[in-house]
Amino acid sequence: MPGTAPGPATRTAAPAALDAYGRGHADPQAEKVALDHLSRVHGARELHAVVLALILPADSSPALQRWQGETTGHAQAAWLLQQVRSLTPRTRLPCYEQLLIRVARLAPTQQLSLLRATRRVMNASGKARPLDRLHWLAMRHQLDAPAPAVLASRSRGIDELAPADLQAIAAYTAFLSRLVPLDEAENSVAGPDWYASALASMPSVDGPALTRQVPDSDALVHALRCLQALSWMQRPVLLRGWLSAAQQHSRPGRLGDSAADALRLSATLLDSPLPPPLAAHFSEMIWSRP
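Reading guide: rules and limits
Residue indices follow the written sequence of each chain, beginning from 1 at its first position. Local features in a predicted model are, by the rule used here, given only for residues with pLDDT of at least 70; side-chain atom pairs are given and counted only at 80 or more, and totals for whole chains, interfaces and linings are based on all residues. As a rule here, side-chain values come from all non-hydrogen atoms in the structure, and water together with hydrogens is ignored. Per the convention used, a helix needs a DSSP run of H or I reaching at least four residues, while a strand needs a run of E reaching at least two, with both numbered from the N terminus. Classification of residues uses two cut-offs on accessible area relative to the type maximum, computed with a 1.4 Å probe and protein chains only: under 20% is buried, over 50% is exposed, and between them is partly exposed. Whether two residues are in contact is decided by their heavy atoms: any pair within 4.5 Å suffices. Stacked, edge-to-face and tilted labels apply to pairs of Phe, Tyr and Trp rings (six-membered ring for Trp) whose centres lie within 6.5 Å, assigned for plane angles under 30 degrees, over 60, and everything in between, in that order. Here, nonpolar core refers to any group of buried Ala, Val, Leu, Ile, Met, Phe, Trp, Tyr and Cys residues whose side-chain atoms link them within 4.5 Å.

Caption draft 1: Representation of the environment of Leu 278. For Leu 278, the position within the fold is in helix α14 (residues 276-279). On the basis of relative accessibility, which here comes to 0%, the residue Leu 278 falls in the buried class. Distance from Leu 278 to Leu 243, taken between C-alpha atoms, is 7.4 Å for residues 35 residues apart in sequence. Ignoring sequence-local partners within four residues, the contact set of Leu 278 consists of Leu 243, Leu 255, Ala 260, Leu 263 and Arg 264.

Below is the structure:
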């Protein structure tokens, strides 16, 4: 990988980085250097290793072992993981999105290989996390590149929703309630309260009448497809409602990283712009084509 080959000292440091993920404080200079290296990743094997590293949970040994299995034979894999683990939560998801743009340029067989490897890493502990499902759906969304016709408008305003649309909103919001608003510092989630507030903020949605029922995988995909078929005016209203309710139930000025990731991934899935307060949570980057 031109311009990113590590020297001997870097190779020596890599194994320690595998054990240190999730501990200590972010180093702004290390992150800057890591982003510079990651911005040059473009080969199929490098993209495979880095994208999988970006979705690794911080505390899952099975997932790490699965990642190591998926990258066996790649001499720079451990060093690339070290670069990923120098990133803060504010840059990890933007980096993931930029690299998926490059994955979309790979051959279909290479994309399929990454999709299958992603599922294996996500399920290494026996069950995928809710955030894993959103990462997976966002990856599929980016690689499938749905045509505009699939996202055809069915009505003009959020107050003109059909019953099926309301049920889809309730189902997807119930899924998000497992992540939003999540306070990592206190390891707590105010899901049911957030769910009620989010639905109450949306015109024509009778929150009390829509019982919170977290959907299974098939129901989640069905709900998402319904939301993707809403108009370009309706989808941003959903994002603003979810974010507003999250801010109400979070500590002042502190939207949790997992909650922010879940909402940003949802914006990607709905092809909707980020509300400014949500965009401010992240450090944006635009990488040129290699």
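Caption draft 2: Examining the packing of aromatic side chains more closely. On inspection of all chains with the given rule, the structure shows two aromatic pairs. Pairing Tyr 172 with Phe 175 gives two aromatic rings, centres 6.3 Å apart and planes at 40 degrees, and the pair type is tilted. One end of the pair, Tyr 172, and the other, Phe 175, are both in helix α9 (residues 163-176), three residues apart, so they sit about a helical turn from each other. For the pair formed by Tyr 172 and Phe 175, the shared burial category is buried. Here Tyr 172 and Trp 242 contribute two aromatic rings whose centre-to-centre distance is 5.5 Å and whose plane-to-plane angle is 35 degrees, an arrangement assigned as tilted. Taken together, the positions of Tyr 172 in helix α9 and Trp 242 in helix α12 (residues 234-248) put the pair 70 residues apart, joining distant regions of the chain.

Caption draft 3: Just the nonpolar core, in detail. By size, the foremost hydrophobic cluster in this structure holds 85 residues, and its most contacted members are Leu 134, Tyr 172, Leu 176 and Trp 242. Considering every element that reaches this core, the biggest residue donor is α9, with nine residues.

Caption draft 4: Representation of the side chain of His 74 within the structure. By the element assignment, His 74 lies in the loop between α4 (61-70) and α5 (77-84). Given a relative accessible area of 12%, His 74 falls into the buried group. Those residues within four positions of His 74 in sequence are excluded, and the remaining contacts are Arg 45, Glu 46, Ala 49 and Leu 80.

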